[in-house]
Amino acid sequence: MRSWTTRWLSRALHQNWQAANATAENKPRTYSRFISVVSGFPKNLAQSKYKPGKMGDDAWFIANTKTADVLGVADGVGGWRSYGIDPGEFAMVLMRNCEKLVKFSRFDPIKPVNLIASGFRELQDNRKCILGSSTACIVVFNREDSSIYTANIGDSGFIIVRKGEIVHRSEEQQHYFNTPFQLSLPPPGHTDVLSDRPESANTTTFPVCNGDVILVATDGVFDNVPIKLLVDTLQRVEGENDQVKLQMCANSIALMARSLSFDSKFLSPFSLNARRNNINAMGGKPDDITVVLATVAL
């Protein structure tokens with residue numbers, strides 16, 4: 001009797017174990033994701049017309065697939081305005097091309113530099129012949145390995161904050177002071193224009209955790225807001241899943257950047273960098289401002 005009971009109990013436990021494992025195998029895997037918001041200002045509020053995905057000469061996009069979340073910003077080079085070229089159009093079309101490629105899953109989530117290159121190639125092939133130059137920064141969250149993959153060309157960029165500290169950030173690319181790396185399509189005859197290849201973008205990979213805060217922004221933010229002030233603001237929304245609260249944080253960063261950019265007595269990060277290059281500067285740097293903010297959440 002004891003032997004039969006033991007065999008029955010062993011068989012029952014084995015069947016329960018098989019059933020539990022079958023349930024676990026059939027249960028869909030839960031991936032982390034980005035909760036994202038955007039905010040910003042054009043430099044010239046009175047003269048700017050609203051266009052989705054555009055902040056003056058800046059442009060941005062947020063897109064996702066089943067396995068990836070993608071954030072992007074670009075900053076059109078304002079010098080083209082003196083040639084009658086809208087600097088913001090180049091940046092906007094570049095970001096729209098990248099967004100479209102993501103939405104149709106025509107990109108590799110672990111190679112964002114290829115996304116920039118493909119978006120730029122479509123710009124080159126555009127029948128409208130869009131001219132100008134732009135920086136570009138793409139951050140991809142690959143849900144399958146909980147890592148971000150980044151590509152940055154120029155002086156837009158990103159920071160990742162965890163437990164009140166920056167754990168990963170982009171590196172600025174400059175030819176010389178205030179002259180960032182840039183993708184360019186100049187008019188015929190303009191052979192002296194700086195033009196960098198998409199492949200020259202700085203690329204990184206970094207594992208992220210639930211609760212991490214990711215800020216992707218144009219130089220209008222980084223040139224005007226001290227990094228400590230940014231970190232102090234971002235740490236308040238670590239682990240935050242409420243999109244309204246994230247939006248409030250993004251708005252506060254954008255407003256802070258705009259206010260400081262017009263403060264002639266403020267020793268801004270831009271002025272400090274100018275002084276390192278033997279240029280006597282003081283005050284903020286009026287500019288277009290774009291803030292894309294995300295947290296990692298289950």
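What this report covers is the structure whose coordinates are included nearby. Not measured: the values here are computed from a predicted model. (Residues numbered from 1 in each chain as written. Predicted model: local features only at pLDDT ≥ 70, side-chain atom pairs only at ≥ 80, totals over all residues. Heavy atoms only, no water.)

### With respect to the sheet that holds strand 8 (residues 165-169)
Line of reasoning, step 1. The sheet built from five strands is open, its strands ordered 1-14-13-7-8 with antiparallel pairing. Bordering the open sheet on either side are strand 1 (33-41) and strand 8, each of which pairs with just one other strand. Pairwise comparison of adjacent strand axes, ignoring direction, gives a mean angle of 25° for this sheet.
Line of reasoning, step 2. Sheet topology places strand 13 (residues 213-217) next to strand 14 (residues 289-297); five bridges connect them, and they run antiparallel. (Pairing = 2+ DSSP bridges. Helix = DSSP H or I, 4+ residues; strand = E, 2+ residues; numbered from the N terminus. Axes fitted to C-alpha atoms, helices over the stretch in contact; angles between N-to-C directions.)

### Structural notes on empty space enclosed by the protein
Line of reasoning, step 1. Counted according to the given criterion, the structure contains one cavity of 30 Å³ or more.
Line of reasoning, step 2. If you add up the space inside the largest cavity, you get close to 60 Å³.
Line of reasoning, step 3. Looking at side-chain class alone, the lining of the largest cavity contains two nonpolar, three polar and five charged residues. (1 Å grid on protein atoms, 1.4 Å probe; cavity = no way out; pocket = protein on both sides within 12 Å on 5 of 7 lines; lining within 4 Å. Points joined across faces, edges and corners; volume = space filled by probe spheres on them. Nonpolar A, V, L, I, M, F, W, Y, C, P; charged D, E, K, R; others polar.)

### Some thoughts on a nonpolar patch on the surface
Line of reasoning, step 1. Nonpolar side chains collect at one region of the surface, where Leu267, Leu272 and Met282 lie side by side and expose about 240 Å² of accessible area between them.
Line of reasoning, step 2. With respect to the helices and strands, Leu272 occurs in helix 7 (residues 269-276).
Line of reasoning, step 3. Leu272 gets classed as partly exposed once you look at its relative accessible area, which sits at 34%. (Patch = residues over 30% accessible without salt bridge, like charges linked within 9 Å, V, L, I, M, F, W, Y side chains within 5 Å. Areas by Shrake-Rupley, 256 points an atom, 1.4 Å probe, with all protein chains shown as cover. Salt bridge = Lys/Arg side-chain N within 4 Å of Asp/Glu carboxyl O. Buried < 20%, exposed > 50% of the residue type's maximum accessible area, 1.4 Å probe, protein only.)

### Some words on helix 5 (residues 227-234)
Count 3.6 residues to each turn of an α-helix, and residues three or four apart come out pointing the same way.
Line of reasoning, step 1. Residues of helix 5 that are buried include every one of Leu230, Val231, Thr233 and Leu234, and no others. The buried residues of helix 5 occupy one face: seen down the axis, they fall within an arc of 165°.
Line of reasoning, step 2. On its buried face, helix 5 is in contact with strand 7 (157-162), strand 8, strand 13, helix 4 (219-222), helix 6 (243-261) and strand 14. (Arc of directions from axis to C-beta. Contact = heavy atoms within 4.5 Å.)

### Observations regarding the environment of Gly40
Line of reasoning, step 1. Looking at where Gly40 falls in the secondary structure, it is placed in strand 1.
Line of reasoning, step 2. Remark: the alpha-carbon pair of Gly40 and Val221, spanning 181 residues in sequence, is separated by 9.3 Å.
Line of reasoning, step 3. Once residues lying within four places of it in the same chain are set aside, the contact partners of Gly40 are Met55, Ala254, Ile289 and Thr290.

### Details of the pattern of salt bridges
Line of reasoning, step 1. Scanning the entire structure with this criterion turns up 12 salt bridges.
Line of reasoning, step 2. Close ionic contact of Lys285 with Asp223 constitutes a salt bridge, the shortest N to O distance being 3.4 Å. You can see Lys285 sitting in the loop between helix 7 and strand 14 and its partner Asp223 sitting in the loop between helix 4 and helix 5, a full 62 residues away along the chain. Both residues of the pair, Lys285 and Asp223, count as buried.
Line of reasoning, step 3. By sharing partners, the salt bridges in this structure join Asp219, Asp223, Lys285 and Asp287 into a single network.

### Brief notes about helix 6
Line of reasoning, step 1. For helix 6, built from 19 residues, the straight-helix expectation of 27 Å at 1.5 Å per residue is met to within 8% by its first-to-last C-alpha distance of 27 Å.
Line of reasoning, step 2. The complete set of buried residues in helix 6 reads Leu246, Cys249, Ala250, Ile253, Ala254, Met256, Ala257, Arg258, Leu260 and Ser261.
Line of reasoning, step 3. In this fold, the buried residues of helix 6 make contact with strand 1, helix 4, helix 5 and strand 14.
Line of reasoning, step 4. One side-chain oxygen at the N-terminal end of helix 6 lies 2.9 Å from the backbone nitrogen of Val244; it belongs to Asp242. (Expected span 1.5 Å × (residues − 1). Polar contact = N/O pair within 3.5 Å; in protein donor to acceptor, adjacent residues only side chain to side chain.)

### Some points on the pairing of strand 3 (residues 58-64)
Line of reasoning, step 1. The element strand 3 is largely enclosed, with a buried count of five among its seven residues.
Line of reasoning, step 2. Of the strand pairs in this sheet, strand 2 (residues 54-55) and strand 3 are connected by two bridges, and their pairing is antiparallel. Its bridge partner being in strand 3, Lys54 is matched across the sheet by Ala59.
Line of reasoning, step 3. Where strand 2 folds back onto strand 3 in an antiparallel hairpin, the turn is made up of two residues, including Gly56, whose phi is positive at roughly 65°.
Line of reasoning, step 4. Two strands pair when backbone bridges link them, and strand 3 and strand 4 (residues 68-76) are joined in this way by seven bridges, in the antiparallel orientation. What sits directly across from Asp58, in strand 4, is Asp75.

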